[in-house]
Amino acid sequence: MRWLVGWSSAAAAPHGRRGGSRATTNGARSSTGSADAYDLRASARGSHAYGTDTKGSSGSSGSSGTNRANGNHGSYGGPGPYGGFGSYDGLGAPDGLGSHDPYDAYGRYGHAPHTAHVPDGGDGVLQPVGAQVVWGDPDPLWAVGDWRPDEIRVVEAQPGSRLAVFGCCGASDDELRLGLIAARGGAFRHLTAWPGSYTAVACVGRRLTIAADLAGVRPVFHTPWAGGTAYATAALPLADLVEAELDFGHLAALLACPDAPEALGDGTPYRGVSRVPPGHALIVRDGGSREIAGYEASTSLVVGAPPVDPEAAVAGVRDALVNAVRARLTEPRHASEHDIDGRDPGPVPGMGPADRQRARGGPAPGVGADLSGGPASGTLALLAAGLPGTPGTVFGSGAAGAGERLLAVTFNDLTRGGAHRVPHDSADAEDHTAELERAHAIAQNPRLRHLVVTGGEETLPYADLAAGPLTDEPGPALVAAERHRNRLTAGSADHFVGAGARQVLDAHPARLADLLLDRRRRHLVRPVAALARAEGQRGEGQVAGRSLLVPVTIYRAARRLARTPYREGVEQTAALMRDGGFTASAFEPYPDGGESAVDASVAALTWCRPGPAARWLTGEALAEVSLRLESAAQARPSVERPGERRARAALARSAADHRVLEQAAEIRNQRLHAPYFDNQVVRAARELPDALRVRPGARASVLRAALAGAGVHDLPAGWGAPTQAAHHAALRAGIRLASDRLLALFQAPLLAEAGLVEARVVRQAVQRVARGEPLPPEGIADLAAMELWLSRLLARRGTCWTGAAAPRHRAAAAGVHPDARYERSLPPTPR
C-alpha cells in the first residue's frame, strides 16, 4: 500500500542541524548528500522501467531505481517484526539518492529534514516507517510505500508555494503551476480538474490544502495532534500516531447501513480520526485552524432549469474517458525486476515456463486490461488498444514480445459450468458462455493479446481466509481477495479494471423519484416497462399476472419517496432498526437483493435502508446506529434530491470497496487503474440528464457512443448484457463450500466480544445460506470481512511510526474489551 502523511503544527519546529557524518536510523554511517538530493520534479517523467537504473532523465532524483530500497515499505502485511507493514528491508537511504544525513537534506526548497522533530517539544525525532521525505519542517510531508519515481511530482510557482501530486496525473508542468497559482487565491477546485487519479497537496506559505476526490477512492484523513493537524491518505497511520481506539459505533454503522452517509458521517473505524467527505478539501492554516470546504457547485433544484443536451453530455463522458485512458498510457512503461532480469530458475517438476514465471511473482510488463465481456471493461480495453501511438507493452520484454499489443485478461470461472460446476442460484451457464464469447470476439482486435485465466473451487470467495494483508479499513473485498489476485497476477504492471462504471453511469432506482419531482412522468414508462418484461420472463411458471402489477408498484414507491421529506425518511429507518420485529425476522426470506429486479428497485426507493447484515446485529448495536441516523437527520438536513443523494452514497460505497480491494489483492509492482472513478469522468457523468440515465441499457449506449467517437464501431452481439448475478452466485457457492471454515471463524468472534453480533445467530445464518435458503450472502460477506479485519489488526505488532519519540502503543491497543467501548452519540438537544 502507498500513502502520504504529513502534519502542520502551531508549535514552532526546531530546524535540523547541519553536520558532516552522523549515524543513520538503521545504524549505518552517511554524510550529507549533494544538493537536490531529493528533487522530485515534474519533468522527471522520462522513459524508464520501475526497478531499473535509467540514466539521462532530466531533473530526476538520482536514478529511476529510487524506490527499490523502499519497495516493501508501506505495504500493509501480516504480523511482522516491524508492525503491520509485512516485509521490511531497512530505513537507510534509497538507492540512487546518494548518501544523506538523517537529520539534514538539502533539496530544491532549501532545508528539508528527513526526520521531523516532534512539534510539542520532545527531544526525539518521529517519522513514518519506510518514508521518503517530500518536504520538511515546519509542515513536513512524507511518501510511504513503493512509489514509482513518476508517481510523485513536485512543482514550485514561487518561493514558499509548492504543489505535490501523488499518483497518475495527466497535467503538464505548466498546468500544475497554473493550478498552484489558482489555489493560492483559493480556487483549489483547479487541483482536481486534471485527467487521472491522484492526490494533490498545495502548500502556500503555511496554508496546506489537500483535496479528496469526488468518488472517494483517494480519500484524505485527518486528526488533531500536537496542537495542530496531522493528515494522511490512510487512516491507520494517524490512528497509530494518536494511539486511537476502535470506534465500535462506526463499525456497527458499516454493518447496519454501509451505504448511508447519515450513519457513517465523517468517521473512521478509529476514534478521533476523521475522513474528508468526497468532493471536499482539507485546509489547514498555520498549523492551527482546520477547515473542510467543498469544491463542487451544488445542483440546481429549480424545476424550470434549462435541460441538458443529451448529445453534449454523452460527448463529455466520451472525452473524459478518452483523456483518462490516455493519461495512463502516456506515463512511462514499467516492468517487474524478474522481467528485466529475464533469468529462469530452471526446470521444476510439473511446471512450465509460464508457471515458473507466475510462481516468481510480478505482473507482465507494460499496460493491460480486464476483459470480462461486459461493456465497462471492454470499453477500457478497446480505448487503450485503439489510441494511436501508445503501445500497451514494453517492446521485447518477457513473454509479451509484440510491443504494440495490449494484454487483455479474461477470468473463466469453471464452477459455473462443466464438470466443476457448483449449483448457483440464478447464474445461468448459457449467460456465462455468452459472456466468454463476447470477450473472445472483442479480443479479435489485432492490437489485443488475449489471455484466459481459469479458476475452480479454489478461487471462490472464502477459499483462503487465513492469508491476506491488513487493509486500512474493513470491506467485503477481503473475502474474495484471492479470487481477484488469481486474475490480477496474470495482468500487467499497469492494469485497467472496469470498477465503478455501474455506479457512475447507471441511474440509481431512486432517480425515478427525481423525475416525479420534475413532473416528468412520461420518462418512467420505459424503465417500468423493462422491469415488467424482466419480471414476466422470470415469472414463467409462477403466479400469472404478477408483471402486470409492476408499473403500479414502482410508481407508488417512487411517489412515496418523492413526497417523503429527508428527515422523515431517515427517522423511519431509525425507527425500523429499534423495532423488535426487525431482528425477530432475521431468517425470513430476503426480499431486497437477488430475488428480482423489481424487489431490488422497490427496496432502493427510500432515503435510507438497512444493509444485508443488519438483520443479524444485536439490538444494542442497531440502537446505536439508529441514534446516529436521527442525530444526522436533525443536525444536517439535506436539500438534495433523493435520487441524487442515493447515487452519491452508492458511488462512495463502491469506491471504498474498490480501495479495500486494491490493498487486499495488491501485487508488487502492479497498479490498478479504474478510470471510471476519476474526477473528470464523474463530473462528466453527472451532467447526463436523468431521463437518459433511467432508460434501459443506458450505460451500454453511453459507452457505445464513447467507442464510436474513438473510431470503434464493430461490437459483438449482446453488448451491454447484465453480468451482476455472477457475483451474487459466487458468494453463495463460496459459503456452501467453505461453511466449515466460516463456522470456525465465528466460533468465538471478536464481533461478539464487541457486542455487535451474537455468535450463535451468525453461525445459524451461515448454515442456512449454505443449505440454499434465500438469505443475503452479502451480509455474511460483510460480517466475515469485518471479523477478518479485526483479527489482523489486533494481531499485528509495532506501529506505522519509528524514532525515539514514536508512540509506545499502537492503534486499538485496548482490543475489543468492554472498557474500550464507544460513548453513545445522542441526538442534539433542540434549542
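The structure presented is a predicted model; accordingly, all values stated were derived computationally and were not measured.

*Asks:* Describe the overall build of the chain, naming the residues involved and giving the relevant values.
*Replies:* When helices and strands are counted, the chain shows 27 helices and 24 strands. When the 831 residues of the chain are sorted by exposure, 57% land in the buried category. Accessible surface for the chain amounts to roughly 32100 Å². Of this, 51% is attributable to carbon and sulfur atoms.

*Asks:* Tell me what's going on with the side chain of R483, and back it up with residues and numbers.
*Replies:* By the secondary structure assignment, R483 is in helix 10 (residues 481-488). Take R483: its relative accessible area is 15%, and that puts it in the buried class. Within the structure, R483 has its side chain in polar contact with the side chain of D413 (distance 2.9 Å). The residues contacting R483, other than those within four sequence positions of it, are F411, D413, T459, L460, P461 and A730.

*Asks:* Tell me about the packing of helix 5 (residues 310-329) against helix 22 (residues 698-709), residues and numbers included.
*Replies:* In contact at an axis separation of 9 Å, helix 5 and helix 22 are set at 65 degrees when each is read in the N-to-C sense. Between helix 5 and helix 22 lies a crossing whose hand is right-handed. Where helix 5 approaches helix 22, its residues V314, V317, R318 and L321 are matched on the opposing element by V702, L703, A705, A706 and G709. Considering only residue class, the contact of helix 5 with helix 22 consists of seven nonpolar, one polar and one charged.

*Asks:* If you had to explain the sheet that holds strand 23 (residues 671-673) to someone new, which residues and values would you point to?
*Replies:* Strand order in this open sheet of five strands is 21-20-19-22-23, and the pairing throughout is parallel. Each end of this open sheet is capped by a strand with a single partner; those strands are strand 21 (448-455) and strand 23. Taking each pair of neighbouring strands and ignoring which way they run, the sheet shows an average axis angle of 30 degrees. Of the strand pairs in this sheet, strand 20 (residues 406-413) and strand 21 are connected by eight bridges, and their pairing is parallel. Within strand 21, the position partnered with N412 by the bridge is T454. The strands that helix 10 touches are strand 19 (364-370), strand 20, strand 21, strand 22 (492-496) and strand 23; relative to strand 20, the one it contacts most, it runs at about 140 degrees.

*Asks:* Can you explain the pairing of strand 10 (residues 152-158)? Please cite residues and give values.
*Replies:* Within a regular strand, side chains alternate between the sheet's two faces. Pairing analysis gives six bridges linking strand 10 to strand 11 (residues 161-169), with the strands arranged antiparallel. By the bridge assignment, V154 is partnered in strand 11 with A164.

*Asks:* Give a description of the sheet that holds strand 16 (residues 274-275) that names residues and reports values.
*Replies:* What the six strands build is an open sheet, ordered 8-9-1-15-14-16; its pairing is antiparallel. This sheet does not close on itself; its edge strands, each paired only once, are strand 8 (131-135) and strand 16. Note: strand 1 (residues 3-9) against strand 9 (residues 141-144), four bridges, orientation antiparallel. Along strand 9, the bridge assignment pairs L4 with A143.

*Asks:* How would you explain the packing of aromatic side chains if you had to name every residue and give the values?
*Replies:* The full count for this structure, using the stated rule, is eight aromatic pairs. Pairwise contacts between aromatic rings join W7, W142, W225 and W801 into one cluster. Looking at R768, its charged tip hangs above the ring of F587, at a distance of 4.5 Å from the centre.

*Asks:* Quick rundown of helix 18 (residues 619-635)? Include the residues and the values.
*Replies:* Compared with an ideal rise of 1.5 Å per residue, which puts 17 residues at 24 Å, helix 18 spans 24 Å between its outermost C-alpha atoms and is within 8% of the ideal. Burial analysis of helix 18 places twelve of its 17 residues in the buried class, which makes it a mostly covered element. In this fold, the buried residues of helix 18 make contact with helix 3 (248-256), helix 4 (261-264), helix 15 (566-578) and helix 16 (580-584).

*Asks:* For the nonpolar core, give the residues involved together with the corresponding values.
*Replies:* By size, the foremost hydrophobic cluster in this structure holds 188 residues, and its most contacted members are L163, Y270, Y462 and L783. A total of ten residues in this core trace back to one element, the largest contributor, which is helix 27 (residues 777-795). Look past the residues within four positions of L163 in its chain and what remains in contact with it is W135, R153, V154, V155, L176, L180, L191, W194, A200, V201 and A202. Listed in part, the 20 residues of the second largest apolar core include A143, V220, Y231 and L282.

*Asks:* Can you explain the pattern of salt bridges? Please cite residues and give values.
*Replies:* Tallying each qualifying case throughout the model produces 34 salt bridges. Notably, a salt bridge pairs E666 with R2, separated by 3.1 Å at the nearest N-O pair. With E666 in the loop between helix 19 (642-664) and strand 23 and R2 in the segment before strand 1, the pair connects residues that are 664 residues apart, well separated along the chain. Classification of E666 as partly exposed rests on a relative accessible area of 25%.

*Asks:* Before we move on, could you go through the pairing of strand 9 and cite the residues and values that matter?
*Replies:* Of the two faces of strand 9, both are covered, the one formed by L141 and A143 as well as the one formed by W142 and V144. Strand direction decides the pairing type here: strand 8 and strand 9, joined by four bridges, are antiparallel. Within strand 9, the position partnered with V133 by the bridge is W142. Hairpin connection from strand 8 to strand 9: five residues lie between these consecutive antiparallel strands.

*Asks:* How would you explain helix 14 (residues 550-563) if you had to name every residue and give the values?
*Replies:* Because an α-helix packs 3.6 residues into every turn, residues spaced three or four apart end up facing the same way. In this model helix 14 runs 20 Å from its N-terminal to its C-terminal C-alpha over 14 residues, within 8% of the 20 Å that 1.5 Å per residue would give. Every buried residue of helix 14 is listed here: V550, I554, A557, A558 and L561. Taken down its axis, helix 14 places every buried residue within 95 degrees of arc, on the same side. Exposed residues on helix 14 whose side chains face more than 90 degrees from its buried face are R556 and R563.

*Asks:* Describe the packing of helix 3 against helix 27, listing the residues and the values that go with them.
*Replies:* Between helix 3 and helix 27, the least distance of the axes is 10 Å, while the angle of their chain directions is 150 degrees. Classified by the angle between their axes, helix 3 and helix 27 sit roughly antiparallel to one another. Remark: the crossing between helix 3 and helix 27 carries right-handed chirality. Across the interface between the two elements, L251, L254 and L255 from helix 3 touch D782, L783, M786, W789 and L790 from helix 27. Its residues assigned to classes, the contact of helix 3 with helix 27 comprises seven nonpolar, no polar and one charged.

*Asks:* Give a description of the environment of C608 that names residues and reports values.
*Replies:* Counting through the fold element by element, C608 comes out in the loop between helix 17 (597-604) and helix 18. Along the primary structure C608 and A263 are separated by 345 residues, whereas in three dimensions their C-alpha atoms are 9.5 Å apart. For C608, the contacting residues outside a window of four places in its chain are C257, A260, E262, T573, L629 and R646.

What counts as what
Residues numbered from 1 in each chain as written. Predicted model: local features only at pLDDT ≥ 70, side-chain atom pairs only at ≥ 80, totals over all residues. Heavy atoms only, no water. Helix = DSSP H or I, 4+ residues; strand = E, 2+ residues; numbered from the N terminus. Buried < 20%, exposed > 50% of the residue type's maximum accessible area, 1.4 Å probe, protein only. Areas by Shrake-Rupley, 256 points an atom, 1.4 Å probe, with all protein chains shown as cover. Polar contact = N/O pair within 3.5 Å; in protein donor to acceptor, adjacent residues only side chain to side chain. Contact = heavy atoms within 4.5 Å. Axes fitted to C-alpha atoms, helices over the stretch in contact; angles between N-to-C directions. Left-handed = near helix turned anticlockwise from the far one by under 90°. Nonpolar A, V, L, I, M, F, W, Y, C, P; charged D, E, K, R; others polar. Pairing = 2+ DSSP bridges. Phe/Tyr/Trp six-rings, centres within 6.5 Å; stacked < 30°, edge-to-face > 60°. Lys NZ or Arg CZ within 6 Å of the ring centre and 35° of its normal. Expected span 1.5 Å × (residues − 1). Core = buried A, V, L, I, M, F, W, Y, C linked by side-chain atoms within 4.5 Å. Salt bridge = Lys/Arg side-chain N within 4 Å of Asp/Glu carboxyl O. Arc of directions from axis to C-beta. Parallel < 35°, antiparallel > 145°, perpendicular 65-115°, else oblique.

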